Structures are given as C-alpha cells and as structure tokens.
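As a plain string of letters, each chain reads:
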Amino acid sequence: MGVGISILGSGSSGNSIVLHSGNEALMIDAGFSRAETLRRLSCLGISPSIVKALVLSHEHGDHCKGARVFADSLDMQAFATSQTAKELMRKNLLPGRISLFEAGSDFEAAGFRVRTFQVPHDATETVGFVVSSGEVSIGIATDLGYVTALCEQRLRGCSAIIIEANHDVRMQMNSDRNPNLIRRVLGRNGHLSNDSAAEALERILTERTKVLILVHLSRDCNDYEIVEKTMRRKLADMKREDILLEIATDAPLPTVHI
Ligand SMILES: [Zn+2]
Ligand SMILES: [Zn+2]
C-alpha cells in the first residue's frame, strides 16, 4: 500500500507533516495550535481520528507549539528524545502520553517504522527521520545547519525526501536582520541554504527516489522562485527531471502519493 505525504504547512510560523497509509496516520511535529492543526487537516481531507501518533524532532516552537494540546485532545501517543521532552516539560508543551527514544534508535508508530538520526541544529537535541511502510521510505530533515555524513547516509535512496531549503545565502547576508541572527542561521548549527540542499542532492538521490519536497523556506531570506529555479537546475544537471518536485510554504501542500 502506498503512503500519502501531507504537509500541513512549513516555515517559521509552523511545521507539521502527516504521513498516511491505509487508515492510520503519523504526524511529524505539531508547530500549529490545535485549532489551526484541525483546520489544516480538514483542508487536506484528513480526519484527525486517523492520526494515531505524533513524533517530535526538537523543541523549537515552530515544531511543538501545538504538541501537548493537540496530542492530549486526541489521547495520542507522542514520541520525543529525553532531552527534547525535558525542554517541552519546561515550556509546558509536553504531551501526556510520551514515549522517550534515543537519537539513533528505531521504533514503530501508527503502523510505520521510524528510524531516527541526529542532525546539527541549535536545539538541545534535533533528530531527522526515515519513516517507512513496506517498500516506501520517506526521509525527513527539516532543521539542520549542514548535511552530515550520517544524514546523507540515512536519506540516500529514500523514495521521498523532505529536506530544508531555508535561505538564499546572499539574501540572508544582505538582510537587515540582527547580525547575531544572521550568524546563527548561517552557522553549522543553523539552517540549510538552498545551495547546500541542492548540493546534497548529488549524494542523496538514487534511482529509488521519486519525490523531493523542499521545506522550511525563510519568509524574509528566501523566495519560492529562487528555490524552484535552483532545484530544477540541479535535477536537470543530474538528469533527474523525472523526480516530482514540490515546494512547501506556509499554506497546506496538497497530498503527494507515493
Ligand atoms: Zn529549529
Ligand atoms: Zn524550524
């Protein structure tokens, strides 16, 4: 059975992904309020009752704002590393039914196999995921300063790859943002630039990869057209125009089936 990939929205105002197979769904991150999450699910025709589990990547608000209220309202099982759980507890965002996992470990959630791996980012501990169901695997790395060898290894050959294309380096450097913020975003524990994401594709895409979804675009320091142009050019260079390319924004992205 195939998997549906629905991005409820992506960017600094909130991030949440739903993967569904049959009548079970797994949510990755809950960066919108409960009401907003429900509105976005309804927009995409997904019944909240099929969402059986929530997996959290790190404690930043744009990934966890709705975690406790949304998960608890549906009596949902949530998963986080102990470091992330500790931070969420401090922020009063920790869901009641929480299962702790170690970065690098695997577990089952909502009928999916979830493989986790650590990525460099300025939270206490940030993880990426490879979520699989049968032959289909979805690699997810949404907040990371750079693509490590481990991240490359995990994402390589996934059927679908969801990766951050946060900013255009020139727009970032010329922005009127606080110099400390610019340094933070561009740093090894910040966010992935369009060029770094494009370059990583050379090592991540294989003939098994059918779908590429770029996420977490910066509102001030990126531009949809730049991302599209950069990625289409890279896919053309790699003779991989057969790959379905999608770019997620603040608005829900229509479900991609794989
Ligand atoms: Zn983050
Ligand atoms: Zn984020």
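Refer to the structure presented above.
Residues numbered from 1 in each chain as written. Chains lettered and ligands numbered in written order. Predicted model: local features only at pLDDT ≥ 70, side-chain atom pairs only at ≥ 80, totals over all residues. Heavy atoms only, no water.

K.L.:
I'd love a proper account of the coordination of the zinc ion (ligand 2), names of residues and values included.
P.N.:
Six octahedral donors around a metal ideally subtend angles of 90 or 180 degrees, whereas four tetrahedral donors ideally subtend 109.5 degrees. Within the first shell, the zinc ion (ligand 2) binds the protein through D62 (OD), H63 (NE2), D143 (OD) and H216 (NE2), at distances of 2.1 to 2.2 Å. Considering all 4 donor atoms around the zinc ion (ligand 2), angles at the metal cover 92 to 161 degrees and the coordination shape is irregular. Motif for the zinc ion (ligand 2), donor spacing along one chain: D-H-x79-D-x72-H. Given a relative accessible area of 15%, D62 falls into the buried group. (Donors = N, O, S within 2.8 Å, 3.2 Å for Na, K, Ca; no water. Tetrahedral: all angles 85-135°; square planar, octahedral: opposite > 155°, others 65-115°. Buried < 20%, exposed > 50% of the residue type's maximum accessible area, 1.4 Å probe, protein only.)

K.L.:
Any details on the packing of aromatic side chains? Residues and values, ideally.
P.N.:
Ring pairs (aromatic) are described by centroid distance and by the angle formed between their planes. Inspection of every chain in the model, using the stated rule, returns 2 aromatic pairs. Judged by centre distance (4.6 Å) and plane angle (10 degrees), the ring pair of F79 and F107 falls under stacked. With F79 in strand β5 (residues 77–81) and F107 in strand β7 (residues 106–109), this pair connects stretches of sequence that are 28 residues apart. The exposure class of F79 is buried, given its relative accessible area of 10%. Residues F101 and F107 carry aromatic rings whose centres are separated by 5.0 Å and whose planes lie at 35 degrees to one another, so their mutual orientation is tilted. Given the relative accessible area of 8%, F101 is considered buried. Here the aromatic cluster, defined as three or more aromatic residues joined through ring pairs, consists of F79, F101 and F107. (Phe/Tyr/Trp six-rings, centres within 6.5 Å; stacked < 30°, edge-to-face > 60°. Helix = DSSP H or I, 4+ residues; strand = E, 2+ residues; numbered from the N terminus.)

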